[in-house]
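Here are the chains, one letter per residue:
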Amino acid sequence: MKGRCLLLLAAAAILPMSASAQTVEERARAAAEASRAKTSDSEAIQENYLTPGLAGQPIATVDNSRTFNPNIACQKTATLLELIAQPASTGDIGTLRISRDKDIDGSVDQTLTLPVPVSGICANGVVSCQPGTWNQCKSFKWDVASGGDLKLTEVGLTELAGCYCINNNCGSNLVWGNMASVLKDLGGGVIGALTTADPRVGVAQATIDGPVIRYTGAQSTACTPNPSLPQTAYRASPAAIQSDAASAAASSSLFQALKASPAGVGKADQVRLCTIEREVTLAPATYDDIVNVSGQVQSVTSCGTDCRRYRIGGNGNCSAAPPIFTATFQVLRPDRLVSARIVRQDANDWLQSRVNGEVVGYAGKRPWLGDALPSGDCNVDAETVNPTPIDLTERFRAGTAALGVRVRGGGDGRWGWVDLEVRVDASCGVSERLVDLCSGYAADSACRLDGETVDGVQTVRNGVGTGLTPLPQTRLFGNGSCTIRLTRDFFKRDRRYKYAVDLGSPTPPDLSRGAYIIDHSTEALLADRVRTADGGYATSSRPFALPDRGTVPACEPVCKTRAPKANDGVALDGVVGSKQNAPTGWDTFYHACRTGSGGDVCPAGPGEEIVSACGCLDDFPEAVVMMQTVRLGGADLVCTGEVR
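Residues take numbers from 1 onward in each chain, read along the sequence in its written order. Selection of residues for local features in this predicted model requires a pLDDT of at least 70, selection of side-chain atom pairs for listing and counting requires 80 or more, and totals for whole chains, interfaces and linings are taken over all residues. The side-chain values count all of the structure's non-hydrogen atoms but skip hydrogen atoms and water molecules.

With that settled, consider the overall build of the protein. On a plain count of helices and strands, the protein comes out with 13 helices and 40 strands. When a residue's accessible area, from a 1.4 Å probe over protein chains only, is under 20% of the maximum for its type it is buried; when over 50% it is exposed; and in between it is partly exposed. Residues counted as buried form 32% of the 644 residues belonging to the protein. When checking whether two residues touch, look at their non-hydrogen atoms; a contact exists if any pair is within 4.5 Å. The contacts of the protein with a sequence gap of at least 6 include a subset with a gap of at least 24, amounting to 63%. Think of it this way: any DSSP run of H or I at least four residues long counts as a helix, any run of E at least two long counts as a strand, and we number them from the N terminus.

Printed below as a string of structure tokens:
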């Protein structure tokens, strides 16, 4: 379908001759103007091709002479997503409600009302603070749950992008005054999360109606009910594409034919890009994530941080078989178990402790270490205590451990119990690994390292070391109570390999005829030489003249404008405007000028003022300075990118 649409559009670009009097140049200019009117910017492409294509509406050729109805969507819905924003008196968005059609059947399947006010908007999330201020702020990222429902996930501010403030801390009436752009930014973040989770979904159109933005959508990729598409598998495992491509090439007769053709014989270099990146994962844990207890537990008390003391036991009878009171301890994370030990055994009259049926301790006047009953001394109402600790750590680490307490007693006191103390390590765990996507190229003798950048420092250029070595980097990972600071020699290496492809020795083309034409022709005479059937050459010459090439302007006239913009961007240290002398900055725009009756006209947008009128503007030095400033600032942020 994609190739067919491209062919149709390409064919439509060739306009028919309206009159024989038109020159080739005039027809070319007319075709270029018609094409520019249809595809000059993203809005024109969306209006003329994307929106009608996904909606199944007619698409016209460049000259509007023909139309056709594409069918590139499996399902369509009038409203894929509807977002309503209602500002509060504090300037925050007090109510933000999102209605969504999950399965594109025309009915609403999920309605999400944000439980927090929105104080700032990011490209992929929102920031919620104390209303009207930039205090006690929390950052949330748009996400999709396993069941497909839209949700907010609390993250660190560094995981969000393009954040800016909208409440009264940064100005008054910012949301109402910029409602259209606010809705587009909020909706763009939501749509980005949805299309990332389900690549089948496509957005055809967005319509704003007051405080509401509605998105028209369609299912346009791989008509399947399963959102896990094979086409997206390489995103999760990018290294697999190398072996899969080799397998596909080996089994393709077309590829093998091209490989054996004259075009596939010779020698060339192919460029391969890859990364070696340090992946850090934080794993917070609670006590119950490490140890699970069930059974006959009399009481549970705290014995300090990440420590619990369990009392297990009950009443026995001298005239009956001693009962066994059992509690089962399932150690879910053996590596997080610090210790497990019996710290006290107390009985009136006798007690026996067992782990998985094996006797490990006792309390009584004499040792009770067998299955038989202890002899005598029952029903005497005498308390016996055994405070000797018994270490059971290794037994518990082996897996599930059943601690049984066997009690024998009589009279007024016939009880027995054991105190078991279990300590765990519930601190924030960290695991890291190096994801090396360059190992295949490094092991291939046909590949050579051509360039390398380590954490922004170029260490290899054109196959030669630069002599630069990056300093060890310190970075902060995690958020909330689970954070860790890691210092490593590097976190990411970007490498560029050149892969030598042996193409053999192709037959060089015969360029002698072209050389003869160039050497013997003049501005008014065209000379030629062709090979005859007997192996000789026949020469000829004839007069010729190049057509008038006409005149073209020295450049495409452009103009430069600017519009005021509040400095409402935010960072880890707060609102950017609060750190600057002027609360308002400028956004700079460049527009291609339009031809009017009085000459070139600058199509300035609403609120823009013209800085440079239409002409051949050259702001390249300014652009270089800006890019260098951003580059140097980014290099400095490697060391100072956190609040100190």
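We are not done yet, so read on.
We now examine the pairing of strand β7 (residues 125-128). Covered by surrounding structure in β7 are G125 and V127 together with V126 and S128, the residues of both alternating faces. Sheet topology places strand β6 (residues 120-121) next to β7; two bridges connect them, and they run antiparallel. Counterpart to I121 in the pairing with β7 is V126. For two strands to be treated as a pair, DSSP must find at least two bridges joining them. What sits between β6 and β7 in their antiparallel hairpin is a turn of three residues.

Here we come to the pattern of salt bridges. The working definition used for a salt bridge is a side-chain nitrogen of Lys or Arg within 4 Å of a carboxyl oxygen of Asp or Glu. A complete count under the given rule lists 27 salt bridges for this structure. Between R344 and D346 there is a salt bridge whose closest N-O contact spans 3.1 Å. Among the residues examined, R344 registers a relative accessible area of 31% and is labelled partly exposed.

Generally speaking, a soluble globular protein has its nonpolar side chains buried in company with each other. What we call a nonpolar core is a set of buried Ala, Val, Leu, Ile, Met, Phe, Trp, Tyr and Cys residues that are connected through their side-chain atoms within 4.5 Å. Counting residues in hydrophobic clusters, the biggest one holds 29 residues, and the most contacted among them are F329, I342, L392, F396, L420 and V422. Going through the elements one at a time, α9 (287-290), β16 (307-315), β17 (324-331), β18 (337-347), β19 (350-355), β20 (358-363), β23 (400-408) and β24 (415-424) are the ones with two or more residues in this core. Residues contacting L392, with those up to four places away along its chain left out, are A340, R341, I342, V355, V360 and L420. The next biggest cluster of nonpolar side chains, apart from the first, holds 28 residues, and it includes L96, V126, F140 and V144.

Here five strands make up an open sheet; going across it, the order is β14-β17-β23-β19-β20 and the pairing antiparallel. Strand pairing shows two members of the sheet lacking a second neighbour, β14 (291-295) and β20, which therefore form its edges. On average, each strand axis in the sheet is inclined to that of its neighbour by 20°, with strand direction left out of account. The pairing of β14 with β17 spans five bridges and is antiparallel. Following the sheet pairing, V291 is matched in β17 by V331. Throughout, an axis means a line fitted to C-alpha atoms (over the contacting stretch in the case of helices), and angles, computed between N-to-C directions, take values from 0 to 180 degrees.

The next point concerns the environment of E25. In this fold, E25 is placed in helix α2 (residues 24-39). Measuring from C-alpha to C-alpha, the distance between E25 and R549 comes to 8.6 Å, with 524 residues separating the pair along the chain. In this structure, E25 is in contact with R549 and G550, ignoring residues within four places of it in sequence.

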